[in-house]
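Coordinates in review
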Amino acid sequence: MEETDVDFWFDPSCPYTWVTARWLTEVEKVRPIRLRYHVMSLAVLNEHLEVDPEGDTEGFLWWPVRICVAVEQRHGQDALRRFFTAYGARVHERGDWGWAEALTEAGLPAELAEAADGEDYDAALRASHERGISLVGKHVGTPIIAAEGAAFFGPVLSKAPRGEAAGRLWDGALLVAGTPGFHELKGVPHQPADFT
């Protein structure tokens with residue numbers, strides 16, 4: 001069976017996006033998909049708002065996305081995935097914000113963490129963000145997924161399904177998102193993210 005390309009836009013600081021990413025790694029085990037990671041930014045999404053819904057008054061959300069873009073531009077897609085995986089596990093599962101350590105764990109130079117403090121990668125970050133958000137509109141957040149001609153925000157998950165349950169959710173998400181005229185589907189109020 002031919003692989004389906006799946007484009008996944010993420011902000012690495014979002015715990016629910018981390019859960020969605022773990023779900024997609026489960027989908028890879030049971031469906032013929034090929035994931036391509038792309039950076040988007042809650043900081044860019046919310047910068048025009050008077051009150052930041054993320055409460056990021058210090059601009060912290062810029063730092064990890066800048067590092068992600070530096071990783072991708074200097075070391076490619078596979079490196080971006082490795083870094084996001086190491087960073088996500090550290091931050092969301094262990095509460096460890098060590099970017100240099102996550103870079104080292106991903107087999108990348110720790111000095112890439114210096115990208116956090118500058119604006120050298122901001123144009124590329126904005127371009128990647130815009131590619132993703134242009135598929136669905138500015139009324140959504142992270143993550144964004146595009147596959148088989150459909151694009152959608154989410155799914156926002158509190159816990160990643162495993163095995164065939166992950167595959168069934170994938171099939172359903174594509175079915176719903178690919179339906180002409182589809183706009184929105186919501187479930188119960190969110191629960192705290194569960195990384196087990």
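A short tour of the structure in this document, coming up. (Residues numbered from 1 in each chain as written. Predicted model: local features only at pLDDT ≥ 70, side-chain atom pairs only at ≥ 80, totals over all residues. Heavy atoms only, no water.)

Attention shifts here to the overall build of the protein chain. In terms of regular secondary structure, the protein chain is built from 7 helices and 4 strands. Secondary structure of the protein chain in N-to-C order comes out as β-α-β-α-α-α-α-α-β-β-α. Taken over the C-alpha trace, the protein chain has a radius of gyration of 16 Å; the compact-globule value for 196 residues is 16 Å, and the two agree within 12%. For the protein chain, the spread of C-alpha atoms along the principal axes amounts to about 40 × 40 × 30 Å. Taken over 196 residues, the protein chain has a buried fraction of 49%. Within the protein chain, contacts between residues at least 6 apart in sequence are counted, and of these 73% link residues at least 24 apart. Per element, the accessible surface of the protein chain, about 9900 Å² overall, is 53% carbon and sulfur. The centroid of the 18 positive side-chain charges in the protein chain is displaced by 6 Å from the centroid of its 31 negative side-chain charges. (Helix = DSSP H or I, 4+ residues; strand = E, 2+ residues; numbered from the N terminus. Rg over C-alpha atoms; globule rule 2.2 N^0.38 Å. Buried < 20%, exposed > 50% of the residue type's maximum accessible area, 1.4 Å probe, protein only. Contact = heavy atoms within 4.5 Å. Areas by Shrake-Rupley, 256 points an atom, 1.4 Å probe, with all protein chains shown as cover. Lys, Arg positive; Asp, Glu negative; His and termini not counted. Charge placed at Lys NZ, Arg CZ, Asp CG, Glu CD.)

Evaluation of the coordinates by the stated rule reveals 0 disulfides. Left without a disulfide partner, Cys14 is nearest to the cysteine sulfur of Cys68, which lies 13 Å away. (Disulfide = S-S within 2.5 Å.)

Time to look at the nonpolar core. Core analysis: the largest hydrophobic core is formed by 64 residues, its most contacted members being Phe8, Trp23, Val71, Phe83 and Trp170. In terms of residue count, the dominant contributor to this core is helix H4 (residues 77-94) (8 residues). (Core = buried A, V, L, I, M, F, W, Y, C linked by side-chain atoms within 4.5 Å.)

With mixed pairing, the 4 strands of this open sheet are ordered in space as S2-S1-S3-S4. Two strands close off the open sheet at either side, each with one partner strand: strand S2 (33-39) and strand S4 (150-153). Pairs of neighbouring strands in the sheet enclose a mean axial angle of 20°, with direction left out of account. Where strand S1 (residues 4-10) and strand S3 (residues 144-147) come together, 4 bridges link them in antiparallel fashion. Its bridge partner lying in S3, Phe8 is registered against Ile145. This element, helix H1 (residues 15-30), spans S1, S2 and S3 of the sheet and lies at about 160° to S2. Set on the sheet, helix H7 (residues 163-177) makes contact with S1, S2, S3 and S4; between it and S4 the angle comes to about 105°. (Pairing = 2+ DSSP bridges. Axes fitted to C-alpha atoms, helices over the stretch in contact; angles between N-to-C directions.)

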